[in-house]
Amino acid sequence: MTVTPERPEHHGAVYQVHQEAFGRPDEARLVESLRRSPAFIPELSLVALDGSQVVGHILFSRIVVRSSTESHRALALAPMAVLPPFQRRGIGTRLVRKGLEDARALGHRVVIVVGHPRYYPRFGFVPAEPLGIRAPFAVSSGAFMVRGLEPDALLGLEGEVEYPPEFAEV
Ligand SMILES: CC(C)(COP(=O)(O)OP(=O)(O)OC[C@H]1O[C@@H](n2cnc3c(N)ncnc32)[C@H](O)[C@@H]1OP(=O)(O)O)[C@@H](O)C(=O)NCCC(=O)NCCS
C-alpha cells in the first residue's frame, strides 16, 4: 500500500472510489470540479494504491477563515473515501496522516474538516466552534473540527470559513 499524489490516469478510479464509498455521485463530482478550481492543490490530492489499483483518495483544498478584521488561509479536508471492500484496514488513517504531513511540509498551518466526531479526534482534530471558528452552513457542532499543523497555528484564529463555490453543489 502506498499513498502518493494522484496522477491524471487515476482520475477515473478516484471518481469510482467516491461513488462507491458514498453511494452517490455528489462527492465524486465535487472532486472533478475542485480539480478545475484555484482552490485545488495537486500535491494534496492523494491516492492510496494497492499495487496499481486506486483504493482510496483524500483531498485538501484552499479555504479562508475570515473575521471582520482578518483573513487566514487554511485547508478543507474533503472529501475522503476508501473503496468499501478495503475499509477498516487502516487505509483512511494512512491517507489522513500522510495528508497532514504533506500539508505541513508545504507550509500550510490549519486544516478544517466536517466529519464524524469519533473518527477525526485521533488525528488531533478538535471542535472548531468553541475556538470561534464558524461554518457557513448548519452543521452539528461536534462534526466541525480543526487541526493546527504548528503549535501556534490556532492562536487568534477565528471567523467564518469560506469554502470554494464548488462545495455548494454537494
Ligand atoms: C471514512 C472512511 C474514509 C474511513 O476509511 P477506512 O480505511 O475504513 O478507515 P480506517 O481503517 O483507517 O479507520 C477505521 C476506523 O474508522 C471508523 N469509521 C469508519 N467510517 C466511519 C464513519 N462513517 N463514522 C465513524 N467512524 C467511522 C471505524 O469505526 C474505525 O474505527 P476503529 O479503528 O475505532 O474501529 C471510509 O469508511 C469511507 O470511505 N466511508 C464512506 C465515505 C465517508 O463517509 N467519508 C468520510 C467523510 S468525508
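Further up the page is the structure itself.
Residues numbered from 1 in each chain as written. Predicted model: local features only at pLDDT ≥ 70, side-chain atom pairs only at ≥ 80, totals over all residues. Heavy atoms only, no water.

Participant: Which residues make up the overall build of the chain, and what are the values?
Facilitator: Scanning the chain from N- to C-terminus turns up 3 helices and 9 strands. Order of helices (α) and strands (β) in the chain, N terminus to C terminus: β-α-α-β-β-β-α-β-β-β-β-β. Taking 2.2 N^0.38 as the reference for a compact globule, 170 residues should give roughly 15 Å; the C-alpha atoms of the chain span a radius of gyration of 15 Å, in line with that estimate. C-alpha atoms of the chain, sized along the principal axes, occupy 45 × 30 × 30 Å. By residue count, 48% of the 170 residues in the chain fall in the buried class. In the chain, the share of contacts with a sequence separation of at least 24, taken over all contacts with a separation of at least 6, comes to 68%. (Helix = DSSP H or I, 4+ residues; strand = E, 2+ residues; numbered from the N terminus. Rg over C-alpha atoms; globule rule 2.2 N^0.38 Å. Buried < 20%, exposed > 50% of the residue type's maximum accessible area, 1.4 Å probe, protein only. Contact = heavy atoms within 4.5 Å.)

Participant: Describe the side chain of Arg35, listing the residues and the values that go with them.
Facilitator: Mapping Arg35 onto the fold places it in helix H2 (residues 26-35). A polar side-chain atom of Arg35 sits 2.8 Å from a polar atom in the side chain of Glu6. Beyond its immediate chain neighbours, meaning those up to four positions away, Arg35 contacts Glu6, His11, Val14 and Phe40. (Polar contact = N/O pair within 3.5 Å; in protein donor to acceptor, adjacent residues only side chain to side chain.)

Participant: Please give an account of the side chain of Glu27 that cites residues and values.
Facilitator: As for its position among the elements, Glu27 is in helix H2. Of note is the side chain of Glu27, whose polar atom sits 2.4 Å from the side chain of Arg24. Those residues within four positions of Glu27 in sequence are excluded, and the remaining contacts are His18, Phe22, Pro79 and Val170.

Participant: I'd like a description of the pairing of strand E4 (residues 71-82), backed by residues and values.
Facilitator: Along E4, 9 of the 12 residues are buried, which leaves the element largely enclosed by surrounding structure. Remark: 4 residues form the turn of the hairpin made by strand E3 (residues 53-66) and E4, two consecutive strands paired antiparallel. Pairing analysis gives 3 bridges linking E4 to strand E5 (residues 110-114), with the strands arranged parallel. When the bridges of E5 are listed, Ala76 appears paired with Ile112. Read from E4 through helix H3 (residues 91-105) to E5, the crossover connection turns out right-handed. (Pairing = 2+ DSSP bridges. Right-handed = clockwise from strand over helix to strand, strands pointing away.)

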